Amino acid sequence: STGSTGSTGATGATGATGATGSTGSTGSTGSTGATGATGATGSTGSTGSTGSTGATGSTGATGPQGADGVTGATGPQGAHGVTGATGADGVTGATGATGADGVTGATGSTGSTGATGSTGAQGIQGVIGATGSTGSTGSTGSTGSTGSTGSTGATGSTGSTGSTGSIGSTGATGPQGADGVTGATGPQGIQGATGATGAVGPIAGSDTQIVYNASGAAAGSSNLTFNYTTGLTTLSGLLVHNDMDVDGHAEMTSANVINNLSVGTLNGYSYPYGIKFGTGFIRVAVDGNDTLGASAKYVNPFQTISAALASSVAGDEVFILPGTYNQGSELVAPTNVSIRGANAQSVIVQRLNATTSTNLLTIGSNCRVEDMTLTLSTSSQPVAGAVYSVFHVSDNTVTGPSTKLRSLVANLNLNNPSGSGAGLVTNGSSATGFNSAYLTRGCTINVNASNLGGNCYAKCVDVNGKNRTSLRDTIMNLNAVGCSGSRIIGCETSSANSVIDLKCCTLSASGSALTNCSLAEISETATDSEIILGYTNLENKGTNGLGFTMNQLPMNMISTAITTGGAAWSSNQFKKVYYMLPGAQVITNLATTSASAIPYAPVQPSVLHDVLLRTNVSLGPATLYANIYKNTVDSNGLQVALSVSGDLLSAKDDNTSFLVGLNDRVYVEISGDANYAGSTNLRAVYIDYGMF
């Protein structure tokens with residue numbers, strides 16, 4: 001039995017703490033000794049107040065742990081004496097039976113917290129997780145105002161004149177013939193008498209007036225003058241029976257031109273190639289007169305374009321002089337009539353605050369319109385279902401050398417929240433085969449839409465019905481702000497068998513604060529319609545996820561999977577999943593998981609389109625699948641899915657396209673039917689896709 005425990009000596013004062021040594025490596029944890037029986041718990045004393053927290057010091061390294069001594073036998077606990085100084089730890093003896101717990105003394109106040117030790121070195125960084133899928137692109141902010149035009153740079157110095165070529169040698173001079181004998185000079189005749197001086201002619205008219213014969217008498221008139229200082233001849237009327245060319249400045253109040261008059265400068269405006277007046281040439285001027293124009297349409301200028309067009313017949317040209325012409329109704333160009341402005345900077349034809357559906361200019365067949373700016377702006381008043389266009393080209397005007405739009409600027413500002421519109425609309429049922437004529441060339445089409453609602457649209461070009469619209473060297477810019485549920489499309493084929501042919505064009509479709517809108521530069525929307533791109537730039541690569549055709553040389557990515565030596569794929573090889581690489585690869589070298597696959601990364605933003613899957617033999621009852629993923633190999637990343645089976649050797653998707661940005665990755669996956677247990681003669685799989 002254990003004897004009674006003697007009284008504990010007083011605890012000596014604690015010595016000063018030595019400097020902490022560097023932390024050694026942690027040793028292995030020793031085995032835990034047997035736990036002695038727990039004595040009865042004494043009553044808990046009251047908790048002392050918490051002392052203030054001291055400044056955190058640096059943590060010293062932990063020293064090595066000493067060996068545990070043997071614990072001596074525990075005697076019965078006597079009364080607590082004064083604690084003496086703590087002696088050195090003896091070897092711990094074996095644990096004896098635990099005596100009854102004495103009463104627990106009051107808890108002393110908590111000492112101040114020691115300073116916090118310095119932070120240990122950072123552990124090795126874990127493996128970086130896979131990059132998450134790229135979030136959707138935020139809406140584009142509104143376009144800022146255009147800065148002022150910078151000053152024109154100094155003209156570069158003229159290059160030196162090339163050296164003059166050497167002069168050819170002079171041919172030999174032929175021999176001079178002998179001089180003939182000079183004849184004798186005859187005698188001079190007698191000079192006749194000087195005649196009498198005639199009477200002085202009459203002086204008529206005032207200074208600068210040209211004198212003319214009026215019934216044998218001299219006369220002058222203010223209707224016919226010559227300013228000898230400026231060199232200008234002024235006449236109030238002119239009758240031209242044949243052709244007349246005026247290289248300088250001509251001011252005419254009234255002119256009757258039987259054939260042609262060509263003028264380089266008219267009313268202060270210069271025309272480098274001249275303007276011809278005469279039969280077939282109708283003028284419009286801001287200071288013209290519709291009544292006088294109707295009385296002599298080839299002589300007197302009209303004031304309004306509509307009156308000039310109404311007076312025109314096939315073969316006429318309506319020429320519009322510089323100025324701004326406000327329209328209150330639709331302009332209609334008759335068949336075989338041309339409309340020409342002085343230039344797109346000085347001739348402005350506009351209709352503002354239109355409410356109901358309207359076209360600014362409807363064009364008949366075999367017409368030509370050029371050199372002016374046309375602007376149509378709608379009211380912000382809601383008019384449900386209203387449709388607007390700057391140009392409306394009707395049936396039979398887009399085939400062969402027919403209607404032509406040249407050097408024009410078309411502006412459409414859509415503010416009706418319940419309306420729709422396009423810069424150019426063509427419709428009808430004319431042929432869609434290739435032709436050499438371009439409907440539009442060298443033009444600019446700007447469309448700005450704001451606050452359009454659901455089922456509304458804004459477009460630069462809309463082709464309706466079975467017709468082919470060809471555009472060349474044309475810039476189209478579409479911008480939308482604050483629209484909801486609308487279609488914002490640069491060029492769209494909205495009817496079956498409609499065709500848009502774009503060559504050397506630039507399209508941009510952008511917007512801000514858009515909600516649930518379709519936004520794209522092109523959209524081959526209707527079944528059996530076609531959009532053909534020839535060296536055309538899509539600024540934002542927007543294709544509405546639909547197919548299109550290119551007649552410039554595209555970039556194609558081709559991947560082929562084969563077996564070594566051309567052997568047929570085994571059943572196990574056929575059932576596996578493979579991730580293709582560009583070029584021809586043996587299937588045993590291909591990755592079988594997306595984690596180990598090497599995806600395709602573009603060198604510039606591109607549109608992937610026109611995917612073709614082909615096998616070397618028909619697979620009979622077996623099926624081979626090909627999937628193309630963007631960024632993630634799952635249903636969220638799946639873009640194109642094809643399969644071949646039975647007697648088919650190939651499958652193609654030419655109705656899908658999608659944007660591949662600089663940070664995007666493309667995975668091309670093939671796999672056979674995992675449930676197919678038979679064999680195949682499959683030796684090669686070929687996948688081809690285009691990048692625009």
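### Brief notes about the nonpolar core
Logical step 1: Ranked by size, the top nonpolar core spans 72 residues in total, and within it Phe391, Val461, Met476 and Leu502 carry the most contacts.
Logical step 2: Excluding its chain neighbours within four sequence positions, the residues that come into contact with Met476 are Ile445, Cys460, Val461, Leu471, Cys491, Leu502, Cys505, Thr506, Leu507 and Ser508.
Logical step 3: With 32 residues, the next largest nonpolar core counts Trp569, Leu608, Val666 and Leu682 among its residues.

### Section: empty space enclosed by the protein
Logical step 1: All chains considered together, the criterion is met by 4 cavities of 30 Å³ or more.
Logical step 2: What the largest cavity holds in volume is close to 90 Å³.
Logical step 3: Around the largest cavity sit 13 residues that line it, and Met580, Leu581, Ile598, Tyr600 and Val666 are the ones nearest its centre.
Logical step 4: With 3 residues, the single largest contributor to the lining of the largest cavity is strand β41 (residues 666–672).
Logical step 5: Partitioning the lining of the largest cavity into residue classes produces 12 nonpolar, 1 polar and no charged.

### Looking at unusual backbone geometry
Logical step 1: Positive phi values are uncommon outside glycine, yet Asn353 reaches one of about 60°.
Logical step 2: Relative to the elements of secondary structure, Asn353 occurs in strand β16 (residues 347–354).
Logical step 3: Assessed through its relative accessible area of 56%, Asn353 is described here as exposed.
Logical step 4: Phi is positive for Asn451, close to 60°, though the residue is something other than glycine.

### Observations concerning the environment of Thr444
Logical step 1: By secondary structure assignment, the location of Thr444 is in strand β23 (residues 444–450).
Logical step 2: Put simply, Thr444 and Met476 are 32 residues apart on the chain and 5.9 Å apart in space, counted from C-alpha to C-alpha.
Logical step 3: With near-sequence residues (within four places) excluded, Thr444 lies in contact with Leu408, Val409, Ala410 and Ile475.

### Section: the pattern of salt bridges
Logical step 1: All told, the structure shown has 10 salt bridges when counted by the stated rule.
Logical step 2: Where Lys297 meets Asp316, a salt bridge forms, and the shortest distance between an N and an O atom there is 3.9 Å. Here Asp316 lies in the loop between α2 (305–311) and β12 (317–320) and Lys297 lies in the loop between α1 (290–295) and α2, a separation of 19 residues in the sequence.
Logical step 3: Judged by relative accessible area, Asp316 falls into the buried class, the value being 5%.
Logical step 4: Among the salt bridges present, the one from Lys459 reaches Glu492, with a minimum N-O distance of 2.6 Å.

What counts, and at which threshold
- Residues numbered from 1 in each chain as written.
- Predicted model: local features only at pLDDT ≥ 70, side-chain atom pairs only at ≥ 80, totals over all residues.
- Heavy atoms only, no water.
- Core = buried A, V, L, I, M, F, W, Y, C linked by side-chain atoms within 4.5 Å.
- Buried < 20%, exposed > 50% of the residue type's maximum accessible area, 1.4 Å probe, protein only.
- Contact = heavy atoms within 4.5 Å.
- 1 Å grid on protein atoms, 1.4 Å probe; cavity = no way out; pocket = protein on both sides within 12 Å on 5 of 7 lines; lining within 4 Å.
- Points joined across faces, edges and corners; volume = space filled by probe spheres on them.
- Helix = DSSP H or I, 4+ residues; strand = E, 2+ residues; numbered from the N terminus.
- Nonpolar A, V, L, I, M, F, W, Y, C, P; charged D, E, K, R; others polar.
- Salt bridge = Lys/Arg side-chain N within 4 Å of Asp/Glu carboxyl O.

Read these as spatial facts, not as claims about activity.
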